Amino acid sequence: MFQIKWTKKALLSFADTLKYWNVHNSSEKYSRKLRKEVEKKEKLIVGNPSVGSLSEIEGVRYVLVDRNFSMYYRVHRDTVEVLAFWDNRRDPEKLPV
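The rules behind these values
- Residues numbered from 1 in each chain as written.
- Predicted model: local features only at pLDDT ≥ 70, side-chain atom pairs only at ≥ 80, totals over all residues.
- Heavy atoms only, no water.
- Pairing = 2+ DSSP bridges.
- Helix = DSSP H or I, 4+ residues; strand = E, 2+ residues; numbered from the N terminus.
- Contact = heavy atoms within 4.5 Å.
- Axes fitted to C-alpha atoms, helices over the stretch in contact; angles between N-to-C directions.
- Buried < 20%, exposed > 50% of the residue type's maximum accessible area, 1.4 Å probe, protein only.
- Polar contact = N/O pair within 3.5 Å; in protein donor to acceptor, adjacent residues only side chain to side chain.
- Parallel < 35°, antiparallel > 145°, perpendicular 65-115°, else oblique.
- Nonpolar A, V, L, I, M, F, W, Y, C, P; charged D, E, K, R; others polar.
- Phe/Tyr/Trp six-rings, centres within 6.5 Å; stacked < 30°, edge-to-face > 60°.

A. Local environment of the sheet that holds strand 2 (residues 53–54). Overall, mixed pairing links the five strands, which are arranged 1-5-4-3-2 in an open sheet. For this open sheet the edge positions go to strand 1 (3–6) and strand 2, each flanked by a neighbour on one side alone. With respect to the sheet, helix 1 (residues 8–25) is in contact with strand 1, strand 4 (69–76) and strand 5 (79–87), its orientation differing from that of strand 5 by roughly 40°. Helix-sheet contacts for helix 2 (residues 29–47) involve strand 1, strand 3 (61–66), strand 4 and strand 5, and the interaxial angle to strand 3 is about 145°.

B. The arrangement of the pairing of strand 3 in detail. Here strand 2 runs beside strand 3; their pairing, made up of two bridges, is antiparallel. Each bridged residue has a counterpart across the sheet, and for Leu54 the counterpart in strand 3 is Arg61. A loop of six residues connects strand 2 with strand 3, the two strands running antiparallel in sequence, and Gly59 in this loop sits at a positive phi of about 80°. Of the strand pairs in this sheet, strand 3 and strand 4 are connected by five bridges, and their pairing is antiparallel. Residue pairing in the sheet places Tyr62 in a bridge with Tyr72 of strand 4. Between the end of strand 3 and the start of strand 4, which pair antiparallel, lie two residues.

C. Seen up close, the side chain of Thr17. Inspection of the secondary structure assignment puts Thr17 in helix 1. Assessed through its relative accessible area of 13%, Thr17 is described here as buried. If near-sequence neighbours (up to four positions away) are discounted, Thr17 is found in contact with Leu34, Phe69 and Phe85.

D. Structural context of the environment of Tyr73. The residue Tyr73 is located in strand 4 in this model. Here the alpha-carbon distance between Tyr73 and Trp6, two residues 67 residues apart in the chain, equals 8.8 Å. At 3.0 Å, the side chain of Tyr73 forms a polar contact with the backbone nitrogen of Gly52.

E. Quick look at the packing of helix 1 against helix 2. With their axes 8 Å apart at the nearest point, helix 1 and helix 2 run at an angle of 150° to one another. Judged on the interaxial angle alone, helix 2 and helix 1 are roughly antiparallel. Note on element contacts: helix 2 touches helix 1 through Tyr30, Ser31, Leu34, Arg35 and Val38, opposite Phe14, Thr17, Leu18, Trp21, Asn22 and Asn25. Tallied by class, residues from the contact of helix 1 with helix 2 come to six nonpolar, four polar and one charged.

F. Just the packing of aromatic side chains, in detail. One pass over the full model with this rule turns up six aromatic pairs. Within the aromatic cluster, the residues linked to one another by ring pairs are Trp6, Phe14, Phe69 and Phe85.

Below, the structure written as structure tokens:
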């Protein structure tokens, strides 16, 4: 079984996204939904790391968390490394991977 590890950059991006939606919506409801979806995707990836779509970056895959967000990751031996939590509405040229 694979272990999941988030990069610092990916964790900060995810945390910033959750904070934004808490303030924007004056509620934690959407943030809780996002966290649950991320947990589901983590379990999916750990169970089958090749489940994600191939990105344009060699060795990097991604899964949609919902229609607006994706998780980019790569596999190293028995570890899945989450490289980015990405808002799909942003310029893909700025993807920090």
